[in-house]
Structure formats: structure tokens, C-alpha cells
Amino acid sequence: MIGILDYGVGNVNAFLNVYKKLGIKAQAISKASDLAIASHLILPGVGSFDYAMNMFINSGLKEVTEDLVTNSNIPLLGVCVGMQMLSSQSDEGVLPGLKWIPGRVEHLSKYNQCKLPLPHMGWNNIVINRKDSITKGLDESSFYFLHSFVFRAEDKNSILAQADYGGNFEVIIRKDNIFGMQCHPEKSHGFGSQFLKNFSEI
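Per chain, residues are indexed from 1 in the order of the written sequence. Per-residue local features are limited, in this predicted model, to residues with pLDDT of at least 70; the limit for side-chain atom pairs, both in listing and counting, is 80 or more; totals at the level of whole chains, interfaces and linings are taken over all residues. Only hydrogens and water are removed before side-chain values are computed, so all heavy atoms of the structure are retained for them.

### A look at the overall build of the protein
Let me state the cut-off plainly: Each helix is a run of DSSP H or I of at least 4 residues and each strand a run of E of at least 2, with the numbering of both proceeding from the N terminus. Radius of gyration here is computed from C-alpha atoms only, and the compact-globule reference equals 2.2 Å multiplied by the residue count raised to the power 0.38. Whether a residue is buried, partly exposed or exposed follows from its accessible area with a 1.4 Å probe, protein chains only, as a fraction of its type maximum: under 20%, in between, or over 50%, in that order. We call two residues contacting when some pair of their heavy atoms lies within 4.5 Å. Per-residue accessibility takes into account occlusion by the displayed protein chains alone, with areas from the Shrake-Rupley method and a 1.4 Å probe. The convention is simple: Lys and Arg are positive, Asp and Glu are negative, and His and the chain ends are not counted. For this purpose, a charge sits on NZ of Lys, CZ of Arg, CG of Asp or CD of Glu.
A tally of regular secondary structure across the protein gives five helices and 13 strands. Taking 2.2 N^0.38 as the reference for a compact globule, 202 residues should give roughly 17 Å; the C-alpha atoms of the protein span a radius of gyration of 15 Å, in line with that estimate. Each of the three principal axes of the protein carries a C-alpha extent, and together these read 50 × 35 × 30 Å. Classification of the 202 residues of the protein by burial places 53% in the buried group. Restricting the contact set of the protein to residue pairs at least 6 apart, pairs at least 24 apart contribute 70%. A total of about 8800 Å² of accessible surface is found on the protein, and carbon and sulfur atoms cover 50% of it. Of the side-chain charges in the protein, 18 are positive and 19 negative, and the distance between the mean point of each set is 3 Å.

This is the structure in C-alpha cells:
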């Protein structure tokens, strides 16, 4: 069962619709007591870093999720701001991140050498840096993006894929059972469905 963490931030229904089309069981989870049914967890996120962190902390889901992810090795996927929340800190806010993958979130303008418009919005190709089960079938793929901040991983070996928007930045990262994706697989049609299917099979 794929558990979509429903803490008031992110388009939970979009993930549920993709998994329904794939024939894979998924459920929105808004209570800590329901986390036990999930074999995999997705942490969606939109908006600002501090807002999303506050919502997650106040939802009552954070502590149990952290225990499942760090002590029981439940696979977790952070998407967009959900990926950024995996970091230690963000330049967008003052709250600490979850610190599940070492790194810092920085404004994309630092790497946007061509001064392309921000936010980065629309379709962009990704380049696979390192083969992994979650990137199966995603060579020469394109995903939908909407963001102005990016995750900069401390350990470059954790970077599975990057994209170029005036400069390269991390798109898919992994540390053990914890994954992050900067773009929106739930809005990326066939390639997004393949990615979410891959995650369900880990």
C-alpha cells in the first residue's frame, strides 16, 4: 500500500489518480494511526519551505513517519517541496529541515547562469547520473517542473538525476530508502507514471 501523507500541503488526489490507473493500491494518510498500513510513503509539498514544515510538524504525522523511515526502513519519496524538506536547511526559510538526506536548499538563481525566467515552470528533460531501480525506463525522459529553489546534496553519490535550467541542479536523489524528486511525477504523464510505479516496486 502506497501511503500519501495528507498534511494539508500538496495535490494528494493527483498521486491517488496515477496509482489507481496503474492498478496499485494507494491511500491518503492524515492520521498517525493509519501509517501502519503503508509499505511505502510519499511526502508531497508545494508552497514555501517553512509553511510546509510547519504543516507537517503540526499534522501529528512527523514523529511516526520519521520512526518508520529511519528505524524500519520504509521507503519514502519526497516530491518538490517534499524533497526540499529532506534537507538540513533551506535558504527560503528559518526552520530546520528533516535532515534525512544531508544537503541544503538554495535559490535556483545561483545556478541559473543564463538568467532564465523564474520560477522554473514547464517541461524539462532530465539526465540520469547513476542507474537505480527508481530510474528504470527513464532514459531521455521529460518531467513537469514548478520551483525556484533546488536541493544541493552534500554527497554527490546521492544524485541519481539532474536537469539543466541555465545550470545543472539535482532532480532525483537517494540515500538508502529515502528518495527525493524535484519535479512533479503526478503531473508528468507517462514518464511520471513510470517513476511512481518504480517507487512502488522498491
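Here the narrative resumes.
### Regarding the environment of Glu63
Mapping Glu63 onto the fold places it in helix H3 (residues 62-71). For Glu63, a relative accessible area of 48% puts it in the partly exposed group.

### Observations concerning the nonpolar core
Condition: Among the buried residues, those of types Ala, Val, Leu, Ile, Met, Phe, Trp, Tyr and Cys that are joined through side-chain atoms within 4.5 Å form a nonpolar core.
In this structure, Ile42 and Met85 are the most contacted members of the largest nonpolar core, which totals 62 residues. When residues no more than four places from it in sequence are discounted, the contact partners of Ile42 are Ile2, Gly3, Ile4, Leu5, Phe15, Tyr19, Leu77, Val79, Leu196 and Phe199.

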